[in-house]
Amino acid sequence: MRSVSMPSAAGSGLEPGFRGVICASFGVTGDTAGHDTGDRPRHDLRFVSANPEALADLRSVLGCSHVGVRLVLAGPPADIRAAAAAAAECGLLEEEMTLLCDEAGPRVVYCPHCRARTTVGAAGTEAECSGCATTLFIADHFSRRMGAYLGYSAHVEEAS
Amino acid sequence: MTTTALPISAHPAVEGGLQLEVTSVSVQTESIVSIILANPSGGTLPSYVPGSHLVVQYGDGVNAYSLTGSGNAPSEYAISVLRVEDGAGGSMAMHQLAVGDRVYVSRPRSAFAPVSTATHHLLVAAGIGITPVLSHARAAADRGTTSSLIYVYRPGAGAHVDEARELLGPALTECSNRTGFQEVLTEQLASQNLGTHLYVCGPGAFMDGVLGQARELGWPEARLHSEAFGAAELDEGEPFSVNLVRSGIKLEVPAGVSLLETLENAGKTIPNMCRKGICGECSLSVLRGAPQHRDLYLTDEEKAENTTMMCCVSRSEDPELELDL
Ligand code: FES
Ligand SMILES: [Zn+2]
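In this text the structure is predicted, and so the values were computed from the model without any measurement.

**Some thoughts on the sheet that holds strand β13 (residues 249-253) of chain B**
Residues and elements named next belong to chain B. With mixed pairing, five strands are arranged side by side in an open sheet as β13-β12-β18-β14-β16. Only two strands of the sheet have a single partner each, and these edge strands are β13 and β16 (308-310). Here the strands of the sheet are splayed against their neighbours by 40° on average, with no regard to which way each runs. Of the strand pairs in this sheet, strand β14 (residues 283-288) and strand β18 (residues 320-323) are connected by two bridges, and their pairing is antiparallel. Note on β18: the bridge partner recorded for Val 286 is Leu 323.

So, in structure tokens, the structure goes:
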């Protein structure tokens with residue numbers, strides 16, 4: 001019971017009332033292949049990014065699924081965050097989702113000073129805040145609530 | 001009727017509540033009567049959250065009964081009472097109430113609320129467990145949310161059957177035997193859209209069965225809601241131990257003995273009143289371990305926090321609880 005649907009065909013390859021595991025990956029690096037779903041039926045989805053079409057496909061797949069279904073999301077945090085929000089709107093609960101954040105993809109950093117979100121590339125541990133231009137040190141901590149990494153002032157000791 | 005006349009003073013568990021008059025008593029089944037209570041001076045009563053219950057004083061005791069209305073600006077409160085022949089629960093006294101009698105009641109309390117984000121309510125009730133679930137079905141109909149109900153009752157012993165039929169139409173499934181019920185339940189648990197939440201009320205073993213089956217079919221805890229059935233129905237439970245951190249002692253709570261009794265036997269004085277999970281007086285702080293909540297006092301959220309328990313009825317999910325005592 002393994003099916004792979006391309007983004008355009010998403011939703012159509014799924015039998016109505018699906019209660020297995022939906023594995024959706026985003027971007028080139030997002031990969032749910034390593035996620036073991038045991039003997040539960042599995043439905044794979046692959047998207048370039050969490051763009052409106054991808055989210056619409058995800059919604060339609062969830063729309064024909066039934067309670068008992070689980071969702072695994074893999075890819076860059078920004079995409080996962082958008083997909084998780086769409087899934088929640090469909091009635092899926094937090095404990096029914098597994099988020100596999102891809103640390104190597106672009107990251108969203110949250111600025112504690114001005115609350116702006118800045119998208120930065122995979123490399124580097126510092127970024128300039130798009131809101132207040134503070135140099136942010138990117139902490140390891142990914143906040144699920146904010147859907148972003150937490151940044152803090154990189155040179156705070158020199159600033160004062 | 002001296003046993004049911006308004007007592008001289010209100011029981012502490014209904015303090016700050018209301019003094020209502022019985023305006024109607026109707027027989028539902030051989031052992032269940034519905035009692036309508038209204039404000040003696042007219043006017044609407046406080047609104048309540050669907051699934052709420054009322055603490056009603058009888059003589060010098062109190063008991064809790066589910067309200068069966070939708071709760072929206074009610075002009076009366078309706079409860080249904082199952083007569084428990086050998087119970088000390090006051091159901092006999094309640095069955096003797098007559099039109100014109102006055103009773104003290106608490107304000108409605110919510111401990112079995114519908115989830116506001118749910119788009120469908122799957123309701124499952126057995127016997128007198130129909131009462132809070134009927135409230136949910138009415139409120140859902142009022143708000144334009146859908147609900148469906150599986151109602152299990154012995155033939156001829158079902159309360160509110162006509163109302164349920166009228167309210168739910170084809171969304172009502174009536175079951176009178178276990179096999180038929182199992183089939184319907186499995187089928188419905190496996191065919192719910194993602195916005196559905198499950199609400200179950202009935203005897204303990206019945207609820208355990210329904211919740212267990214839902215979990216097996218992949219329903220997470222956050223979708224499962226249940227209402228304990230009243231003290232008379234509580235089973236004796238599993239033994240567990242408690243560690244009283246401040247006193248530095250450890251006690252064993254055997255099956256069939258409450259934590260409150262165990263503490264009292266050990267010489268502890270714990271404030272208490274109703275001794276059946278209604279009044280909230282015997283609350284204890286839990287430092288470690290998950291209580292098995294069987295009271296009607298704490299809300300679902302408070303229960304989920306696992307930091308407070310009502311020691312007169314609640315027990316433990318874990319082999320040991322650590323208490324701030
Ligand atoms: S004594 Fe009333 S809740 Fe325990
Ligand atoms: Zn900033």
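**Overview of the pairing of strand β5 (residues 97-101) of chain A**
Regular strands place their side chains on alternate faces of the sheet. When strand β4 (residues 70-75) of chain A meets β5 of chain A, the two strands line up parallel, connected through five bridges. By the bridge assignment for β5 of chain A, Leu 71 of chain A is matched with Met 97 of chain A.

**Quick notes on the confidence of the model for chain A**
Residue and element names in this part refer to chain A. For chain A, per-residue confidence averages 80 on the pLDDT scale, and residues scoring 70 or more make up 76% of the total. Considering each helix and strand of chain A separately, the mean pLDDT is smallest for strand β1 (residues 2-5), with a value of 41, and largest for helix α1 (residues 52-63), with 95. Scored below 50 in pLDDT, residues 1-11 shows 25 contacts in the model against residues more than four places distant or in partner chains.

**Some words on the pairing of strand β3 (residues 42-47) of chain A**
All names here are of chain A. Most of β3 is tucked away: five of the six residues are buried. Alignment of strand β2 (residues 21-26) against β3, held across six bridges, turns out to be parallel. Each bridged residue has a counterpart across the sheet, and for Cys 23 the counterpart in β3 is Asp 44.

**Quick look at the nonpolar core**
All names here are of chain A. Formed by 24 residues in total, the largest nonpolar core has its most connected members in Ile 22, Phe 26, Leu 45, Leu 62, Leu 71, Leu 73 and Leu 92. Looking at this core, the elements with two or more residues in it are β2, β3, α1, β4 and α2 (77-89). Residues contacting Ile 22, with those up to four places away along its chain left out, are His 43, Leu 45, Val 61, Leu 62, Ser 65, Val 69, Arg 70, Leu 71 and Val 72.

**Some details on helix α4 (residues 178-189) of chain B**
Residues and elements named next belong to chain B. In this model, α4 (twelve residues) spans 16 Å end to end at C-alpha, consistent with the 16 Å of a helix rising 1.5 Å per residue. Within the span of α4, buried status applies to Phe 181, Val 184, Leu 185, Gln 188 and Leu 189. For α4, the angular spread of buried residues about the axis comes to 120°, placing them on one side. Exposed positions of α4 whose direction lies more than 90 degrees from the buried face are Thr 179 and Glu 183. Summarising the contacts, the buried residues of α4 are in contact with β7 (120-126), β8 (146-152), β9 (172-175), β10 (196-201) and α5 (204-216). Taking the backbone nitrogen of Thr 179 as reference, a side-chain oxygen 3.2 Å away marks Asn 177 as the first, capping residue of α4.

**Thoughts on the interface of chain A and chain B**
Contact residues are listed per partner, giving 15 residues for chain A and 14 residues for chain B. Interface area for chain A against chain B, summed over the two sides, is near 1200 Å², with a carbon-plus-sulfur share of 56%. Area buried by chain A at its contact with chain B is led by Arg 19, His 66 and Val 67 of chain A, which between them contribute 47% of it. Counting across the chain A and chain B interface gives one salt bridge. Taking the shortest distance from any N to any O, the salt bridge between Arg 223 of chain B and Glu 96 of chain A comes out at 2.7 Å. Summed over the shared surface of chain A and chain B, the number is six residue pairs in polar contact (both at pLDDT 80 or more). For the side of chain A that touches chain B, the class distribution of residues is six nonpolar, five polar and four charged.

**Looking at the sheet that holds β9 of chain B**
Residues and elements named next belong to chain B. Read from one edge of the open sheet, five strands run β9-β8-β7-β10-β11, paired in parallel fashion. Looking at which strands have only one partner, the edges of the open sheet turn out to be β9 and β11 (224-227). In this sheet, neighbouring strand axes are inclined to one another by 15° on average, regardless of whether the strands run parallel or antiparallel. Where β7 and β8 come together, seven bridges link them in parallel fashion. Across the sheet, His 120 pairs through a bridge with Thr 146, a residue of β8. The strands touched by α4 are β7, β8, β9 and β10; relative to β8, the strand with the most contacts, the crossing angle is about 160°.

**Points about the pattern of salt bridges**
Residue and element names in this part refer to chain B. Throughout the structure, instances matching the rule amount to twelve salt bridges over all chains. Across the pair Arg 138 and Glu 163 runs a salt bridge whose closest N-O atoms are separated by 2.8 Å. One end of the pair, Arg 138, is in helix α2 (residues 130-143); the other, Glu 163, is in helix α3 (residues 161-168), with 25 residues separating them in the sequence. The exposure class of Glu 163 is partly exposed, given its relative accessible area of 30%. One salt-bridge network, in which partners are shared between bridges, spans Asp 162, Arg 165 and Glu 174.

Parameters at a glance
Residues numbered from 1 in each chain as written. Chains lettered and ligands numbered in written order. Predicted model: local features only at pLDDT ≥ 70, side-chain atom pairs only at ≥ 80, totals over all residues. Heavy atoms only, no water. Pairing = 2+ DSSP bridges. Helix = DSSP H or I, 4+ residues; strand = E, 2+ residues; numbered from the N terminus. Axes fitted to C-alpha atoms, helices over the stretch in contact; angles between N-to-C directions. pLDDT = per-residue confidence, 0-100. Contact = heavy atoms within 4.5 Å. Buried < 20%, exposed > 50% of the residue type's maximum accessible area, 1.4 Å probe, protein only. Core = buried A, V, L, I, M, F, W, Y, C linked by side-chain atoms within 4.5 Å. Expected span 1.5 Å × (residues − 1). Arc of directions from axis to C-beta. Polar contact = N/O pair within 3.5 Å; in protein donor to acceptor, adjacent residues only side chain to side chain. Buried area = accessible area lost by both parts, 1.4 Å probe. Salt bridge = Lys/Arg side-chain N within 4 Å of Asp/Glu carboxyl O. Nonpolar A, V, L, I, M, F, W, Y, C, P; charged D, E, K, R; others polar.

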